[in-house]
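Listed here are the chains, written in short residue letters.
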Amino acid sequence: MTSSPRAERKPDVPAQIFEKFLEDLEEVSVPVELVARLRKALIEEKSFTERALKMAIFSEEPLP
Amino acid sequence: MIRVDSITIKQFRGIRDLTLDFKGKNFAICGSNGTGKSGVVDALEFALTGNVSRLSGEGRGDISLKQHGPHVDKRNDPDKARVTVKVAIPSQSKTITIERTLKSPASVHVTPHDQAALEVLRQLETHPEIVLSRRELIRYVLATPGKRAEEVQALLHLDQVEKVRACLQKIANTCEKQSTPLVAAATHARDNLLRALEISELITEKVISAANIQRAILGLPILVGMTETTSLKDGMATPGPSKPQRIPKAQALTDIQAAHDAVTEIVSSPIGARVAEVMADLTALADDPIVAASMKRETFYATGMDFMEASACPFCDTFWDLGELKKHVQAKIDHLEEVSRKRKAAETKMAPLVTALRKVKTSTDMLVRYGMLATPPVDMQTARDYSAICEAAVERLTTFLPVVETITVLRNIPTVPRPVFDAIGALEKAVAVLPEPTKQDAAREWLTVAQERLEVWREAMRKQKAAKAQAQQARKVFEIYTATSDSVLEGIYSDVEKDFAALYRCVNRNDEGRFEARLLPSMGKLGFDVDFYGRGFFPPGAYHSEGHQDAMGVCLYLALMNYLHGTQFTFAVLDDVLMSVDAGHRREVCALLKKEFPNTQFIMTTHDPVWLRHMRTEGLIGGRSAVHFRSWSVDEGPIRWDERDVWTEIDDDLKKNDVRAAAALLRHYLEYASTELCHRLRAPVEFRGDAQYQLGELLPSAAMHMRKLYARAKEAANSWNQREVIDQIAARESAFDILAKTTNAEQWQVNVAVHFNSWDNLCKEDFEPVVKAFRNFLDGFTCSDCNEYLRVSPDRETPESVRCECGRTSINLRKKGI
C-alpha cells in the first residue's frame, strides 16, 4: 500500500465543515436556538448571505 | 459516481461524427497534435457538466461555448452539435444515457429520467475537476500560494466556506463598531452622573452616601442599598404643575465648566496635532486616485455580494453563472485588502477625535437646556449650531468616505467659533447671579438632577450591555467557525499531503524514495513545498525538473480527488498531462494508476504512441481500449487507424484511379502497423537514437521474427512431445510463408510505387495486387477471432508465449525443463 485507503466520502467539504462547526458551537455556551437557526441557514437552506447569517445569530437585526 | 460506457459526438468542435466504445474501462486516445483528441475531452466534459472549461473562464476573451462549441460549419446550427454518453452508475446498478446539445447546454436529456440518476448528474455538474488538462495541472503545482489556494479551494468547493467566514467576520466587526457610540454615550452619561453626585467614582456606597446627605436635609428616610430600580429621590414630593422648573445652580455651574473644558480640549494642541496627522494620512490616500476609487469600490462590491442570490447581476440584471460572478467580485474585494488595511489604520487614529467631538455635543446640549430655563432666557443658538456641527463631524468621520469630504471636516475641527465661548460665558454669568437656593431647595434640585442622570446612565448601560452581548456572541460564533474550519482544513490538507507524497514516491521510487511534501494553509493562501533529495523543502518549481513537476501535478490531483471522492472516485479524464514525464516514469505512472486506482476509469489522451504502448504493456488499458487518430480534416474530423477504414479508403482511391493517394496511405499505414508489430512481437530492429525508423527496417524485421517465433514454438512443442501442436504451428508457419513471399514478390513494386514515388508508372491494375498482398500479409499477424495483432508475452525477459487479446491464440514458446 502506498497511499491512504479510499474512504466512503460525500464530495461536500463545506457541509463537513458546517456540521463540525455546529457541533463545536453546541459545546459552548451559545443558545440552542442560535445553533438551530444556523443549521437551517447553512445546511438546509444553504443561505450564505450576511443578512441570513445575521438573522441566524441574533434572530433579529442587531441594535443600531 | 459513474463510469462511461460510450460516447457519440456529432458536429462538436472539430468532430463531425465519432463514436468511441469505452466499455466502462480505461481508454486511451492517441494522435498527433491537431488530430481531434481534445475534441473528445471537450465532448466528455460537455456531456457530463454542460460546460467546456477550455472555452470558458479566465483568459478566454470573446470565445464562448455556445458560439464556438459547434463544428465550424455548424456554427449557426448549434442544435446539430450534440454529445451523447452512455454512463453506468455502479452505486445504483443502472445505465443511463445523457444527451446535450449546444443549443441549450444547461438542458440535459437523461434516459431513464429518474431522480436518483438526475442527482448523480447534478453532482457531476458541480465537479468539472473530473477533467484534468496539463494547463490545469500546472495551476496546482507552479501557481503562487494565493492562486494555488484558489484552485484547491475551487476543487474542494471551499468558496462557500470562505464566504461564510467573511460574512461572520463582517457581522462581528459591525457589531463591535456599532457598540462604540453606545460605549461613548454610556461614558458621557457616567461623567454627567458623577458631576451631579459630586463624587469621583461610581461606587454604590458612595452614591448612597451622597444621596443620603441630601435626603437627610429633606427628612427623607435614608437609603440602605441600591437595586436597578432604586430612585435616589424616593419619597420626595413631586413639584406641582404650577411651579416652574428651576436651574439647579450648583449643578449648572459644574456642567458649564465641563462644557467649557470639552470645547477648550477641541482647540488644544494634542487635538490639533492629531488632526494634522490624520489629515496627512488621508491626503496621501486621496491623492492616490486608485486608492480613493478603490475605497468606494470596496463598499460597492461588498454590498453587491450581499445581494447576490439569484443568477443575475444585482446591478445590471445580466445573467451570469452565479458561482463565477461571486468569484469574480470576491477577487476584486480581495484585491482591495491593502486599501482596507489603510482605512482601518486611519479610523483608529481618528477615534480620539470622535470621542472629543461627542463630548462637546452632549455637554453643549445640556447648556442649551439651561439657557432656555434661565430668566430671561440666554441665547444659546451658537452653542446649538456648534453641537449640530460636532454631530455632523462625528457622522462624517465614522462614515469615512468620500475621503475628500472627511478631510474638509477634519480641517475645521480645531476651530471653535468665538460666539460659542461667548454663549457659554453668558450662561455662566446668568447662572452665577441666580439667588442661592435654600438648603432644602438645593437638596431637592440635587436629588432630582442626580436621579435624572442616574436613569440616563442606566438606559445607556442597558443599551451598551445589550450591544456588547451581541458583539461578544457574534465574535464567539466567528472565532469558533474560524477555529473549526481551520482545523478541518488542516486535517484535509494533512491527509492530502501524505497521500500526495506517497503517490509521488510510488512514481519516483528509484530516485526519490524518501520524498516528503508540505501543504501549508495560511490566511487564504496555500503554500506547497517539496523535499529536494534531503536538502530541504522548496517550491516545486525551484529545483525539480519539468517532468517531475508534471508528475507532482498528477499526484496532487489524484490525492485531492481521492480525498474529495474517496471510493466514489470512479472517473477522470487526463488530457495530455504527462507530456514532460520521461518514458521510465510514465511506466511508473501507469503502474500507479492501475494499482492504486483500480476502480477508477481513466480516459487519457496523448500525442505520443510510445506512451500509448506503455499503457498497454503495463496493463493500464486493454488491447482494444484505445483509438489512434492518424489525421484530421475540417470536413471529416478525426480519422483513426482503423483496418476497415484504411482498406476501404484505399479501395475508394483506387476506384477513383488515384493510385498516388492509395499508395501514400498504404505506406503510411504499413509504417504504423509494422511499428506496432515490432513492438508487440519484440522484433529486433537496428537501434536509432532519433527513433525515425523506416518501413524497410521494420516490416522485414517483423516478418523474420514471426518466422523465428514459429520455429521456437515448434521446438518447444517438440520438447513436450506435442505432435499435434507441431503440425498446427507448421500449418500456420506455412500459411504465413506464402503471405510473406507474396509481398516479397511485390516488394519492388511497393518501393517504386510508395517509397520512391514512382506511382505515376503504375496503373490501378498494377497496384491492386500490392494492396491485396499486404492486407493478407498483415492478416498473418492477426488473430482471426479478435482481429488484434499477436503479441509476445511477457513484454520483457524470456518470451513464454505468442498470444492474442481474446486468448484464442496462445502458442507456447517454453521448452520442457527450462
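Residues numbered from 1 in each chain as written. Chains lettered and ligands numbered in written order. Predicted model: local features only at pLDDT ≥ 70, side-chain atom pairs only at ≥ 80, totals over all residues.

Caption draft 1: Looking closely at the overall build of chain B. Regarding its fold elements, chain B presents 25 helices and 17 strands. Expressed as a percentage of its 818 residues, the buried residues of chain B come to 37%. In chain B, once contacts between residues fewer than 6 apart in sequence are set aside, the share between residues at least 24 apart is 67%. (Helix = DSSP H or I, 4+ residues; strand = E, 2+ residues; numbered from the N terminus. Buried ≥ 20, exposed ≤ 12 C-beta atoms within 10 Å, placed from the backbone. Contact = placed C-beta atoms within 7 Å.)

Caption draft 2: Summary view of the overall build of chain A. Of regular secondary structure, chain A possesses three helices and zero strands. Buried positions account for 27% of the 64 residues belonging to chain A.

Caption draft 3: Representation of the interface of chain A and chain B within the structure. Each partner contributes to the interface: chain A provides 30 residues, whereas chain B provides 45 residues. For the side of chain A that touches chain B, the elements supplying multiple residues, two or more each, are helix H1 (13-26) and helix H3 (50-58) of chain A. When residues of the side of chain A that touches chain B are assigned to their parent elements, the largest contribution, eight residues, is made by H1 of chain A. Of the residues assigned to the side of chain A that touches chain B, the class counts are 17 nonpolar, five polar and eight charged. (Nonpolar A, V, L, I, M, F, W, Y, C, P; charged D, E, K, R; others polar.)

Caption draft 4: A look at the sheet that holds strand S14 (residues 637-640) of chain B. Residue and element names in this part refer to chain B. One open sheet accounts for six strands, arranged S7-S11-S12-S3-S13-S14; its pairing is mixed. At either end of the open sheet lies a strand with only one pairing partner, and these are strand S7 (131-133) and S14. In this sheet, neighbouring strand axes are inclined to one another by 25° on average, regardless of whether the strands run parallel or antiparallel. Relative to strand S11 (residues 571-575), S7 runs parallel, the two being bridged by three bridges. Among the inter-strand pairings, serine 133 is bridged to a residue of S11, identified as aspartate 575. In the packing of helix H20 (residues 609-617) onto the sheet, the strands contacted are strand S3 (27-31), strand S12 (601-606) and strand S13 (626-633), and the crossing angle to S3 comes to about 160°. (Pairing = 2+ DSSP bridges. Axes fitted to C-alpha atoms, helices over the stretch in contact; angles between N-to-C directions.)

Caption draft 5: Molecular detail of the sheet that holds strand S1 (residues 3-12) of chain B. All names here are of chain B. Across the sheet, five strands lie side by side as S2-S1-S4-S5-S6; this open sheet has antiparallel pairing. Sheet topology places strand S2 (15-21) and strand S6 (109-111) at the edges, where each strand pairs with a single neighbour. Taking the axes of each pair of neighbouring strands and ignoring which way they run, one obtains an average angle of 15° across the sheet. The pairing of S1 with strand S4 (residues 82-89) spans seven bridges and is antiparallel. Each bridged residue has a counterpart across the sheet, and for lysine 10 the counterpart in S4 is arginine 82. Its contacts with the sheet place helix H1 (residues 37-49) against S1, S2, S4 and strand S5 (94-101), and it is angled at close to 110° to S1. Taken strand by strand, helix H3 (residues 115-125) contacts S4, S5 and S6, and its axis lies near 135° from that of S6.

Caption draft 6: The arrangement of the packing of helix H6 (residues 159-197) of chain B against helix H16 (residues 439-507) of chain B in detail. Residue and element names in this part refer to chain B. Relative to each other, H6 and H16 sit at 160°, their axes nearing to 7 Å. Taken as axis vectors, H6 and H16 run roughly antiparallel relative to one another. Remark: the crossing between H6 and H16 carries left-handed chirality. Counted by class, the contact of H6 with H16 contains 27 nonpolar, eight polar and seven charged residues. (Parallel < 35°, antiparallel > 145°, perpendicular 65-115°, else oblique. Left-handed = near helix turned anticlockwise from the far one by under 90°.)

Caption draft 7: Quick look at the nonpolar core. Residues and elements named next belong to chain B. In this structure, Ala43, Leu44, Cys555 and Leu560 are the most contacted members of the largest nonpolar core, which totals 135 residues. Here this core gets 23 residues from one element, more than from any other, and that element is H16. Contacts of cysteine 555, omitting those with residues within four sequence positions, involve Phe500, Leu503, Tyr504 and Val507. Ranked by size, the runner-up nonpolar core spans 41 residues in total, among them Val646, Ala683, Ala713 and Cys783. (Core = buried A, V, L, I, M, F, W, Y, C linked by C-beta atoms within 7 Å.)

Caption draft 8: Spotlight on helix H19 (residues 583-596) of chain B. Residues and elements named next belong to chain B. Compared with the 20 Å implied by 1.5 Å per residue over 14 residues, the 20 Å span of H19 between its first and last C-alpha is a close match. Turning to H19, its buried residues number three or more, namely His585, Arg586, Val589, Cys590, Leu592 and Leu593. With its buried residues spanning 160° around the axis, H19 presents them on a single face. Looking at H19, the residues exposed on the side facing more than 90 degrees away from the buried face are Ala583 and Gly584. On its buried side, H19 packs onto H16, helix H18 (546-565), S12 and H20. (Expected span 1.5 Å × (residues − 1). Arc of directions from axis to C-beta.)

Caption draft 9: Highlighting the pairing of S4 of chain B. Residue and element names in this part refer to chain B. Bridging between S4 and S5 involves eight bridges; their strand directions are antiparallel. Residue pairing across strands places alanine 88 opposite threonine 95, the latter belonging to S5. The turn joining S4 and S5, which pair antiparallel and follow one another in sequence, is formed by four residues; a positive phi near 50° is taken by serine 93.

Caption draft 10: The packing of helix H8 (residues 249-266) of chain B against helix H12 (residues 337-373) of chain B, seen in detail. Residues and elements named next belong to chain B. Running from N to C, H8 and H12 point in directions that differ by 145°, and their axes come no closer than 9 Å. The element H8 and its partner H12 pack so that their crossing is left-handed. Where H8 approaches H12, its residues Ala252, Asp255, Ile256, Ala258, Ala259, Ala262, Val263, Glu265 and Ile266 are matched on the opposing element by Ala356, Lys359, Val360, Ser363, Thr364, Met366, Leu367 and Tyr370. Residues of the contact of H8 with H12, tallied by class, amount to twelve nonpolar, two polar and three charged.

Caption draft 11: Here's a closer look at the environment of glycine 513 of chain B. Examined against the element boundaries, glycine 513 of chain B turns out to sit in the loop between H16 and strand S8 (517-522). According to the C-beta neighbour criterion, glycine 513 of chain B is exposed, with 9 such atoms within 10 Å.

Caption draft 12: Seen up close, the pairing of S11 of chain B. All names here are of chain B. For S11, a buried count of five out of five residues is recorded, marking the element as mostly surrounded by other parts of the structure. Of the two faces of S11, the one holding Phe571, Val573 and Asp575 and the one holding Ala572 and Leu574 are both buried throughout. Where S11 and S12 come together, five bridges link them in parallel fashion. Bridge assignment links valine 573 to a residue of S12, and that residue is isoleucine 603. With respect to chirality, the unit in which S11 leads through H19 into the neighbouring parallel S12 is right-handed. (Right-handed = clockwise from strand over helix to strand, strands pointing away.)

Caption draft 13: Main features of unusual backbone geometry. Residues and elements named next belong to chain B. Put simply, threonine 111 and proline 112 share a cis peptide bond, and its omega is -10°. Within the element layout of this structure, proline 112 appears in the loop between S6 and H3. Going from threonine 375 to proline 376, the amide bond is cis rather than trans, its omega being -10°. Counting through the fold element by element, proline 376 comes out in the loop between H12 and helix H13 (381-399). One non-glycine residue, arginine 13, adopts positive backbone phi at about 50°. Position of arginine 13 among the secondary structure elements: in the loop between S1 and S2. Even without a glycine there, the phi angle at arginine 682 is positive, about 60°. Its place among the elements puts arginine 682 in the loop between helix H22 (659-681) and helix H23 (695-719).

Caption draft 14: Representation of the environment of tryptophan 641 of chain B. Residues and elements named next belong to chain B. By the element assignment, tryptophan 641 lies in the loop between S14 and helix H21 (643-655). For tryptophan 641, a count of 20 C-beta atoms within 10 Å translates into the label buried. A sequence separation of ten residues divides tryptophan 641 from serine 631, and the C-alpha atoms of the two residues are 8.9 Å apart. Those residues within four positions of tryptophan 641 in sequence are excluded, and the remaining contacts are His628, Arg630, Val646 and Tyr672.

Caption draft 15: The confidence of the model for chain A, seen in detail. In this model, chain A carries an average pLDDT of 81, and 75% of its residues clear a pLDDT of 70 or more. Element-level pLDDT for chain A is lowest in H3 of chain A, with a mean of 91, against a maximum mean of 93 in helix H2 (residues 32-44) of chain A. (pLDDT = per-residue confidence, 0-100.)

Caption draft 16: Inspection of helix H9 (residues 269-287) of chain B at higher detail. Residue and element names in this part refer to chain B. Between its first and last C-alpha, H9 extends 26 Å over 19 residues, near the 27 Å set by a 1.5 Å rise per residue. Within H9, burial applies to Arg274, Val278 and Leu282. Down the axis of H9, the smallest arc covering the buried residues is 60°, so these residues share one side. More than 90 degrees from the buried face of H9, the exposed residues found are Ser269, Ala273, Ala276, Ala280 and Asp287. The elements touched by buried residues of H9 are H12 and helix H14 (403-412).

Caption draft 17: View of the confidence of the model for chain B. Of the residues in chain B, 89% have a pLDDT of 70 or more, and the chain-wide mean is 85. The ipTM value of the predicted complex is 0.91, and its pTM value is 0.64.

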